[in-house]
Amino acid sequence: MTKTWNFGAGPAVMPKSVLIKAQKELVDYKGTGMSVMELSHRSKEFDDIINTAESNLRKLLNIPMNYKVLFLQGGATTQFSSIFLNLVGDDINRPCDYMVSGGWSDKAAAEAKRLGANVNYVFNTKAEGFRHIPPKSEWKLSPNASYLYYCDNETVHGVEFQEVPKVNCPVVCDMSSNILSRPFDVTKFDLIMAGAQKNIGPAGLTIVIIKDELIGTRLNPKVPCPILLNYKTHAANRSLYNTPPTFGIYMAGLVFEWLLSIGGVEAISAINTRKANRLYATINKYSNVYKAVVAEDCRSRMNVPFRIIDASGKPSKELEAAFLKGAIARNMVQLKGHRSVGGIRASIYNAMPEEGVEYLCKYMEEFARQKANNLVSENCPTYCPCCGESNSIPSFTHWILLCPKFEEFRQHFISFVDEIFINFSLIVHEKSLNIPDDKEEDFDDNINFYVLCLLLGGNAVFEILKIVSGERRRFINNIFQSPSNESSFPISYFVGLAEFLTNVMPIVIGNFYTMIDLYSVRPTVVKSVDVVTIRQRRNSDTDSNDNFHPHGVIFDEWEELEAFSSSNLIT
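Residues numbered from 1 in each chain as written. Predicted model: local features only at pLDDT ≥ 70, side-chain atom pairs only at ≥ 80, totals over all residues. Heavy atoms only, no water.

Participant: Just to check I follow, could you spell out the side chain of serine 43 for this structure?
Facilitator: Topologically, serine 43 is positioned in the loop between helix 1 (16-25) and helix 2 (44-61). Within the structure, the side chain of serine 43 is placed 2.7 Å from the backbone oxygen of serine 40, a separation counted as a polar contact. Polar contacts involving the side chain of serine 43 include one to the main-chain amide nitrogen of phenylalanine 46, which spans 3.2 Å. (Helix = DSSP H or I, 4+ residues; strand = E, 2+ residues; numbered from the N terminus. Polar contact = N/O pair within 3.5 Å; in protein donor to acceptor, adjacent residues only side chain to side chain.)

Participant: What is the right way to read the sheet that holds strand 10 (residues 303-308) from this model?
Facilitator: The strands making up a sheet associate through hydrogen bonds between their backbones, and the pairing can be parallel or antiparallel. What the three strands build is an open sheet, ordered 9-10-12; its pairing is antiparallel. Both edges of this open sheet fall to strand 9 (290-292) and strand 12 (344-347), since each of them pairs with a single strand only. Going from strand to strand, the sheet's axes swing by 35 degrees on average, the running direction of each strand aside. Relative to strand 12, strand 10 is paired through four bridges, and the arrangement is antiparallel. Residue pairing in the sheet places asparagine 303 in a bridge with serine 347 of strand 12. Contacts from helix 7 (residues 264-285) reach strand 9, strand 10 and strand 12 within the one sheet, and its direction differs from that of strand 10 by about 15 degrees. In the packing of helix 8 (residues 317-329) onto the sheet, the strands contacted are strand 9, strand 10 and strand 12, and the crossing angle to strand 10 comes to about 125 degrees. (Pairing = 2+ DSSP bridges. Axes fitted to C-alpha atoms, helices over the stretch in contact; angles between N-to-C directions. Contact = heavy atoms within 4.5 Å.)

Participant: I keep staring at the packing of helix 1 against helix 6 (residues 246-261) and nothing clicks. Help me out?
Facilitator: The axes of two packed helices give the description: the angle between them and the distance between them. For the pair helix 1 and helix 6, the least separation of the axes is 9 Å and the interaxial angle reads 135 degrees. Considering their axes alone, helix 1 and helix 6 lie oblique with respect to each other. Note on packing geometry: the crossing formed by helix 1 with helix 6 is right-handed. The segment helix 1 lies against helix 6, with Ser17, Val18, Leu19, Lys21, Ala22 and Glu25 engaging Tyr250, Met251, Leu254, Val255, Glu257 and Trp258. Along the lines of polarity and charge, the residues of the contact of helix 1 with helix 6 split into eight nonpolar, one polar and three charged. (Parallel < 35°, antiparallel > 145°, perpendicular 65-115°, else oblique. Left-handed = near helix turned anticlockwise from the far one by under 90°. Nonpolar A, V, L, I, M, F, W, Y, C, P; charged D, E, K, R; others polar.)

Participant: What exactly am I supposed to notice about the environment of glycine 313 here?
Facilitator: If you trace the backbone, glycine 313 turns up in the loop between strand 10 and helix 8. Counting along the chain gives 26 residues from glycine 313 to serine 287, while the straight-line C-alpha distance between them is 9.4 Å.

Participant: What exactly am I supposed to notice about the sheet that holds strand 8 (residues 206-211) here?
Facilitator: A sheet is described by the order of its strands in space; here seven strands give the open sequence 2-8-7-6-5-3-4, paired in mixed fashion. Where the open sheet ends on each side, the last strands, each with one partner, are strand 2 (67-72) and strand 4 (118-124). Going from strand to strand, the sheet's axes swing by 15 degrees on average, the running direction of each strand aside. The sheet strands contacting helix 2 are strand 2 and strand 8, and the helix crosses strand 2 at an angle near 130 degrees. This element, helix 3 (residues 75-87), spans strand 2, strand 3 (95-100), strand 5 (148-151), strand 6 (171-174), strand 7 (191-195) and strand 8 of the sheet and lies at about 160 degrees to strand 7.

Participant: Looking at this model, I keep getting lost on unusual backbone geometry. Mind explaining?
Facilitator: Only a minority of non-glycine residues have a phi that is not negative, and only a minority of peptide bonds are not trans. Between glycine 10 and the following residue, proline 11, the backbone shows a cis peptide bond with an omega angle of 0 degrees. Note on placement: proline 11 falls in the loop between strand 1 (5-6) and helix 1. Although it is not a glycine, arginine 238 adopts a positive phi angle of roughly 55 degrees. Mapped onto the elements, arginine 238 comes out in the loop between helix 5 (231-236) and helix 6. Positive phi, close to 65 degrees, is recorded for asparagine 331, a residue that is not glycine. Here asparagine 331 lies in the loop between helix 8 and strand 11 (332-333).

Participant: It is not clear to me how the packing of aromatic side chains should be interpreted in this structure. Could you clarify?
Facilitator: A ring pair, where both rings are aromatic, is described by two values, the distance of the centres and the angle of the planes. Counted under the stated rule, the structure contains 14 aromatic pairs. Each ring, one from phenylalanine 247 and one from tyrosine 250, has its centre 5.7 Å from the other, and the planes form 45 degrees; the classification is tilted. Remark: tyrosine 250 and phenylalanine 247 occur in helix 6; sequence separation between them is three residues, near one turn of the helix. By relative accessible area, phenylalanine 247 is classed as partly exposed at 24%. Where phenylalanine 306 meets phenylalanine 323, the ring centres are 6.3 Å apart and the plane angle is 85 degrees; that geometry is what we call edge-to-face. Of this pair, phenylalanine 306 sits in strand 10 while phenylalanine 323 is found in helix 8, placing the two residues 17 residues apart along the sequence. For phenylalanine 323, a relative accessible area of 0% corresponds to the buried category. In textbook terms, an aromatic cluster arises when at least three aromatic residues are bridged by ring pairs, as seen for Tyr290, Phe306, Phe323, Tyr363 and Phe367. Over the ring of tryptophan 5 we find lysine 3, and its NZ or CZ is 4.5 Å from the ring centre. (Phe/Tyr/Trp six-rings, centres within 6.5 Å; stacked < 30°, edge-to-face > 60°. Buried < 20%, exposed > 50% of the residue type's maximum accessible area, 1.4 Å probe, protein only. Lys NZ or Arg CZ within 6 Å of the ring centre and 35° of its normal.)

Dropping the structure here:
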């Protein structure tokens, strides 16, 4: 079975061992002859399931007995209404304080306001794009608030609080996307709620942890609370007033068992810290490619949003599309940012192993090298005349490394470095290209010219083009204006490589090792080359920047090229 790395924000990845156990028990739960989904919620078997789940959650979070644990339905969004209706108190005009640090707390405040709450925005960073948490000196807390509401970790925008706000009113917290990811003191909160589909289990279950003294004591008769939104209803009936999400509770219980088996919240917190540090370090290392969108002091360890930027430093939808396409090809899914913000988002919840984050980071490094070496460019041709495919990468890159109709020649190209100083003609022999008969003479006459273009590239090719015939120059300049749709490889496209090199791949020798490495087509014929050292040497030796290109090595003399090749290529 193909391994898929699921970076989805929710429903999200679940521990493999949990899924395997659920699979084994799916048809026959503990000898009952029934699936968990078939058990009555009033049965002894399910009573054991829900009691064990609650007990284990209390162990994991050290929940005191003066708090109730409720297993509800409706998702965290339903709690936006429940919280206000249960905690509004006897004076509906008293302010309800909301800290709006992202899309979900914004929705929560809007729902409370819709129900009649006097919402006071302690802060609202929407105008700045939800990228930071303001300093406490800028908070506008009410002296007599009914409660303070905040979202500990914003799933969409990747903003996470690093401490619990200290206020003189009940503290209500949405922990949907970071509950169980790190230790915290439950007694600093009066109500905690969390949708299960991130760190707890499958979608459909919501957990509420509420202090006893708030249950049924702050209802306002002027704002009727529906019976299923009333916490007193569920607390009095042990979450069994009506049929609860039985399978979701069962799965949550398995996740709680898994967490206890690996050392609890403290152990998973250490793992989560390593994962987040690795991913953010990769983003920071390639800051010319990736840009973290959240201030460093409040970056989420669970949801990591970032953008892929172009040469001007602006987010590039084209590059992001290419990144996502490459990720899917490597079995990494759901990395696309939320529809409201775009970009890339990696959700690395408890169940995402360090191996998965490492796999993502390796791809990010690979993609960054690809971009740095001009293998992805917005300005180069993206039409392949060989197979007719339009691509988000340059057509030459597609053609030489990916084009399905060019596999035979590709094998010759991979051995190009090994063969180049032995026999030019073996590299692109006409039998490999199936060149039409009327093109053979033209091809044979010019093969050394083409290969020389491949070797020298950049300014050297420009100098060569200065001395070639006007007819050939016009031919080259017109190549990309009328792409060919011939089923066989068009010789004109290979001639056009010279022009392509002058604009997109100035130094093929300097970039060839990276090209091969990018697509994991690693031949044994190439040694690693310290291109940076050569660049520095060449830069210091040249009198004019016209003879130096920042993306590779310029060889002025054939002897220098030959010496370089003999020392860095296995022949």
